[in-house]
Amino acid sequence: MSFESPWATYGLSKKQFFYYARLRQAWRAEGLLGEGILEYAPLESRLLTEQLNIKAISMVYRTINNKMPDTLCRLRSRWEADLAEMKDEDWEAALMFPQEVAIRSRLQIIQFKILHRVYYDRQRLHTMGREQHPNCIRCQGHIGTFLHTIWGCPVIQEYWLKIVGELQGVVSECITLDPKFILLGIPNDVDVTQAKLIFFIFGGG
């Protein structure tokens, strides 16, 4: 592209042309700019040929999402690494659980964050350099992984035992202390209808 081309073709302002010139110089220094014309990426081509309306914006999001890795697959793999392999219907139940666990949006958001492992555990903070050691802040005896922090820690286990005990007294049903059921809402040996009742009570419904 000649020196005059950007001005005539794209109507660049002086400031925009200054940025273009700096980028061109950097690309040439790194050997990234050849003699030919760079081809547009699919997203760039669509943006140049379509008006920026709702339809075009939706197209942009679809294009970006299609290029991104399947985050739900990665999320499922992380849970399976902690809790063993899941059936497809179990994973679908886990994905729906944040909407069904409670009526209050605040509790739904908490469950959504648990499902997507949003909360920062001690091990993660240590990896980021925000904590001196990765040990659990409560028991101090184990690495503070995400699953340990919300389930495996002995201190947390006492909490879950009390919760399950209270629920069993209300529904007159034996509830297994199973992280798949308690954390993700995946029914095990509990009837699905009974499970929904349990979580309705648990969620403050």
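Note that this is a predicted model, so its numbers are computed, not measured.

Visitor: What should I look at first to understand the overall build of the protein in this one?
Guide: A count of helices and strands for the protein gives 12 helices and zero strands. Ordered by position from the N terminus, the helices and strands of the protein form the series α-α-α-α-α-α-α-α-α-α-α-α. When burial is assessed residue by residue, the protein has 28% of its 205 residues classed as buried. In the protein, once contacts between residues fewer than 6 apart in sequence are set aside, the share between residues at least 24 apart is 36%. Counting every atom, the protein has about 14300 Å² of accessible surface; 56% of that belongs to carbon and sulfur.

Visitor: Where do I start with the side chain of lysine 180 in this structure?
Guide: One can find lysine 180 in helix 11 (residues 179–184). No salt bridge is formed by the buried lysine 180, whose closest oppositely charged neighbour, aspartate 90, lies at an N-O distance of 5.3 Å. Those residues in contact with lysine 180 that sit more than four places away from it in its chain are Leu83, Ala84, Glu85, Met86, Gly185 and Ile186.

Visitor: In this structure, what is going on with the side chain of arginine 117? I would like to understand it.
Guide: Following the sequence through the fold, arginine 117 ends up in the loop between helix 7 (105–115) and helix 8 (122–127). Using a relative accessible area of 8% as the deciding quantity, one classes arginine 117 as buried. Looking at arginine 117, its side chain comes within polar contact range of the side chain of aspartate 82, at 2.8 Å. For arginine 117, the residues in contact, after removing those within four places along its chain, are Leu75, Arg78, Trp79, Asp82, Arg124 and Phe146.

Here is what the cut-offs are and how they apply
Residues numbered from 1 in each chain as written. Predicted model: local features only at pLDDT ≥ 70, side-chain atom pairs only at ≥ 80, totals over all residues. Heavy atoms only, no water. Helix = DSSP H or I, 4+ residues; strand = E, 2+ residues; numbered from the N terminus. Buried < 20%, exposed > 50% of the residue type's maximum accessible area, 1.4 Å probe, protein only. Contact = heavy atoms within 4.5 Å. Areas by Shrake-Rupley, 256 points an atom, 1.4 Å probe, with all protein chains shown as cover. Lys, Arg positive; Asp, Glu negative; His and termini not counted. Salt bridge = Lys/Arg side-chain N within 4 Å of Asp/Glu carboxyl O. Polar contact = N/O pair within 3.5 Å; in protein donor to acceptor, adjacent residues only side chain to side chain.

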